[in-house]
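Reading the structure
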Amino acid sequence: QVQLAESGGGLVQAGGSLRLSCVFTGSTFSSRTLAWHRQPPGNKRELVAAITRGGRSSYGDSVEGRFTISRDNAKNTVYLQMNGLNPEDSAVYYCATKFPGEAAYMIWGQGTQVTVSS
């Protein structure tokens, strides 16, 4: 089966850092685009960062310069390093994956909670 599993969420103070991890189960990791999304309480889910099979990354405007997405193909793992956290970053963070030719992310993890206190 193809699965994603996030870890690394928790409670941090404003200005702190967290690193999220997401492990992919399957044989096609190196061929996939990977992404992190988040959904604050009562808000819509938004794209935070994405990384292509070739290692090219992109970010949402609200996290540009603070978050870094990376991947380790040997470990089938994608990471999200989050620095300079503020309460507006509090959300459930989800990883997702798709092939480059697909229009939508169809495979999602269960999510991990990130809470930033002031």
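For the structure, check the block above.
The structure reproduced in this document is the subject of the present report. For clarity, every value in this text was computed on a predicted model and none was experimentally measured. (Residues numbered from 1 in each chain as written. Predicted model: local features only at pLDDT ≥ 70, side-chain atom pairs only at ≥ 80, totals over all residues. Heavy atoms only, no water.)

**Things to note about the side chain of Arg71**
Rule in force here: Secondary structure follows DSSP: runs of H or I at least 4 residues long count as helices, runs of E at least 2 residues long count as strands, and numbering of each begins at the N terminus. Each residue is assigned to one of three classes by its accessible area relative to the maximum for its type, calculated with a 1.4 Å probe on protein chains only: buried under 20%, partly exposed between the two thresholds, exposed over 50%. All tallies of charge rest on Lys and Arg as positive and Asp and Glu as negative; His and the ends of each chain are not included. Salt bridge, as used here: a side-chain nitrogen of Lys or Arg that lies within 4 Å of a carboxyl oxygen of Asp or Glu. For this analysis, a polar contact is any N or O atom pair within 3.5 Å, provided that within protein one partner can donate a hydrogen and the other can accept it, and provided that sequence-adjacent residues contribute only side-chain to side-chain pairs. Residue contacts follow a heavy-atom distance rule, with two residues in contact if any of their heavy atoms lie within 4.5 Å.
With respect to the helices and strands, Arg71 occurs in strand S7 (residues 67–72). Asp72 is the oppositely charged side chain nearest to the buried, salt-bridge-free Arg71, at an N-O distance of 8.4 Å. Side-chain polar atoms of Arg71 contact the backbone oxygen of Thr52, separated by 2.8 Å. In terms of polar contacts, Arg71 uses its side chain to reach the side chain of Asn73, at 3.0 Å. Beyond its immediate stretch of four places on either side in the chain, Arg71 contacts Phe29, Ser30, Arg32, Leu34, Ile51, Thr52, Arg53, Thr77 and Val78.

**What about the pairing of strand S8 (residues 77–82)?**
Quick reminder of the rule: At least two bridges found by DSSP between two strands is the condition for calling them paired.
Burial of S8 is extensive: 5 of the 6 residues sit out of reach of the surface. Sheet topology note: the strand S3 (residues 18–25)/S8 ladder contains 6 bridges and is antiparallel. Residue pairing for S8: Leu20 is matched across the bridge by Leu80. For S7 and S8, the ladder comprises 6 bridges, and the chain directions are antiparallel. Bridge pairing in S8 links Asp72 to Thr77. The antiparallel pairing of S7 with S8 creates a hairpin that spans 4 residues between the two strands, and Asn76 there sits at a positive phi of about 50°.

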